[in-house]
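# Summary of the model geometry
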Amino acid sequence: MSGARPGVYLAGFDVFLPDAAAHGERLKALAARHGFDGLFPLDNQTPPGLAGAALAQWIYRANVAMIQRADLVMANLNPFRGAEPDSGTAFEVGYAIACGKPVWAYTAQADSLIAQVAVGTADTPARAIDAQGYTVEDFGLNLNLMLACSARVVIGDAADCLARMAAERAGQPEG
């Protein structure tokens, strides 16, 4: 990304908030205060007349292009519509990692997956299960290992994550 400030793609289900555009502006202002140029998916202006699958395809291509332009990604991995992060955001994290972009993420969920979703054990006490009987991975992580091991995960909110990103960029030790 050209310019003095690194561009950060602001991934998350925030685009579904009732005040999504205003929320995006607040996130971009917060990013700017920490020395980053925030890129919010709703910055993309959809062409008039598109609807349905054509609109979905346009949004997909525009967001992928925005991730490609960005220097790094910050993802909201809080639970969305259930116990897991938003699937679109998870895709964006994976795509950014595949493109070689650094990914930072934030979530308020500090507990392990076992503490979050396990309801009992199966045939052996060593195998925790969720309400549907599926094994719950037990690595002591607060997110699925594919997210937890690919991103720098901050427990907190967007402001906490951006502060940690800025501190690392400035060469300050983690606090």
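Before going into details, it helps to say that this report is about the structure given with it.

The rules we used
Residues numbered from 1 in each chain as written. Predicted model: local features only at pLDDT ≥ 70, side-chain atom pairs only at ≥ 80, totals over all residues. Heavy atoms only, no water. Helix = DSSP H or I, 4+ residues; strand = E, 2+ residues; numbered from the N terminus. Buried < 20%, exposed > 50% of the residue type's maximum accessible area, 1.4 Å probe, protein only. Lys, Arg positive; Asp, Glu negative; His and termini not counted. Salt bridge = Lys/Arg side-chain N within 4 Å of Asp/Glu carboxyl O. Polar contact = N/O pair within 3.5 Å; in protein donor to acceptor, adjacent residues only side chain to side chain. Expected span 1.5 Å × (residues − 1). Contact = heavy atoms within 4.5 Å. Axes fitted to C-alpha atoms, helices over the stretch in contact; angles between N-to-C directions. Parallel < 35°, antiparallel > 145°, perpendicular 65-115°, else oblique. Left-handed = near helix turned anticlockwise from the far one by under 90°. Nonpolar A, V, L, I, M, F, W, Y, C, P; charged D, E, K, R; others polar.

For the rest of this paragraph, the subject is the side chain of Asp 130. On the secondary structure map, Asp 130 appears in the loop between β6 (128–129) and α5 (145–148). Arg 127 provides the closest opposite charge to the buried, unpaired Asp 130, separated from it by 8.3 Å. At a separation of 2.9 Å, a polar atom in the side chain of Asp 130 contacts the main-chain amide nitrogen of Gln 132.

Glancing now at helix α2 (residues 52–69). The terminal C-alpha atoms of α2 lie 26 Å apart, and with 18 residues this matches the ideal 26 Å at 1.5 Å per residue to within 8%. In this structure, the buried residues of α2 make contact with β1 (7–11), β2 (37–39), β3 (72–76) and α3 (87–98).

The subject of this paragraph is the environment of Ala 62. Mapped onto the fold, Ala 62 is located in helix α2. Sequence separation between Ala 62 and Asn 78 is 16 residues, and the spatial gap between their C-alpha atoms is 24 Å.

Two numbers describe a pair of packed helices, the interaxial angle and the distance between the axes. As a packed pair, α2 and α3 sit with axes 10 Å apart at the nearest point and diverge in direction by 45°. The angle between the axes of α2 and α3 places the two elements in the oblique class. Here the hand of the crossing between α2 and α3 comes out right-handed. Of α3, the residues touching α2 (which contributes Tyr 60, Asn 63, Val 64, Ile 67 and Gln 68) are Phe 91, Glu 92, Tyr 95 and Ala 96. Its residues assigned to classes, the contact of α2 with α3 shows 6 nonpolar, 2 polar and 1 charged.

What the rule picks out here adds up to 4 salt bridges. For Asp 19, the salt bridge is made with Arg 26, and the minimal N-O distance between the two is 2.9 Å. Here Asp 19 falls in the partly exposed class, since its relative accessible area comes to 35%. Overall, the relative accessible area of 45% leaves Arg 26 in the partly exposed class. A salt bridge links Arg 152 to Glu 168, with the shortest nitrogen-to-oxygen separation between them at 2.3 Å. Separated by 16 residues along the polypeptide, Arg 152 in strand β7 (residues 152–155) and Glu 168 in helix α6 (residues 158–169) bring together distant segments of the chain. Assessed through its relative accessible area of 29%, Arg 152 is described here as partly exposed. Overall, the relative accessible area of 39% leaves Glu 168 in the partly exposed class. If you follow the salt bridges from partner to partner, you end up with Glu 25, Lys 28 and Asp 43 in one network.

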